[in-house]
Amino acid sequence: MMENLAQRVRESVRLADVLALYHLQPNRAGFLHCPFHSGDRSPSLKIYPDQNTWHCFGCGKSGTVIDFVMEMERCSFVDALKKLDADFHLGISDSKESYRNYRKRLSEQRKKAKEQSAFKLELQSRIAQRRALWLKIKSSEIASHEQAQEAAELAAQIEHLDYEIQQIGGEIGWKKET
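The following paragraphs examine the structure supplied in this document. (Residues numbered from 1 in each chain as written. Predicted model: local features only at pLDDT ≥ 70, side-chain atom pairs only at ≥ 80, totals over all residues. Heavy atoms only, no water.)

Read across the sheet, four strands follow the order β1-β2-β3-β4 without closing on themselves; strand pairing throughout is antiparallel. Each edge of the open sheet carries a strand with a single partner, namely β1 (31–32) and β4 (62–63). Across two bridges, the pairing between β1 and strand β2 (residues 45–48) is antiparallel. For Leu32, the partnering residue across the bridge sits in β2 and is Leu45. Across the sheet, helix α3 (residues 65–73) is in contact with β2, β3 (53–56) and β4; its angle to β3 comes to roughly 50°. (Pairing = 2+ DSSP bridges. Helix = DSSP H or I, 4+ residues; strand = E, 2+ residues; numbered from the N terminus. Contact = heavy atoms within 4.5 Å. Axes fitted to C-alpha atoms, helices over the stretch in contact; angles between N-to-C directions.)

Now the structure itself:
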């Protein structure tokens, strides 16, 4: 039963259409940068339109349209079938998600990932600032009242950064120097 559905999906959906759904465009030779591994300096994923299959010479992954969706969405075989059914309106299952809803969900996922990335960068920036100030205090020699005042101001800045870091992300990924 499931194999019949899978065969029907493989026959109904072209890999080129799936690639377009993910905004991936192979070059004239049928190669594209593999979305499944990093460090792909030159296109290593080959599309075979006649067989409706693909193979990456970098990471070794290959398969059909179903396998491609499973890799892109990091989902199960059944979920990939449902997704392809919904995206291409094959009428195989009772999945009712429209292409518009899928695009909206995908957009929200990308927005959330972008926000998390910005959040992480902000947190890392504050931590780097704090460490730089701490190193400046640690390496300074305090021999005058002015130098002591400067060190106190730096300590206050560190304390303020500690508070901001706590508010932004708690103690994730950093250790307080002593």
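Anyway, onward from the coordinates.
All right, on to the pattern of salt bridges then. Side chains that differ in sign of charge can pair as their charged atoms come close. Enumeration over the complete set of coordinates arrives at seven salt bridges. Residue Glu122 pairs with Arg126 through a salt bridge whose shortest N-O separation is 2.6 Å. Taken together, the residues Glu122 and Arg126, both in helix α5 (residues 99–139) and four residues apart, mark about one turn of the helix. A relative accessible area of 33% means that Glu122 is categorised as partly exposed. Taken together, the shared-partner salt bridges in this structure form one network comprising Glu122, Arg126 and Glu164. (Salt bridge = Lys/Arg side-chain N within 4 Å of Asp/Glu carboxyl O. Buried < 20%, exposed > 50% of the residue type's maximum accessible area, 1.4 Å probe, protein only.)

Inspection of the secondary structure assignment puts Leu123 in helix α5. Spatially, the C-alpha atom of Leu123 lies 6.5 Å from that of Ile165, the residues being 42 residues apart in sequence.

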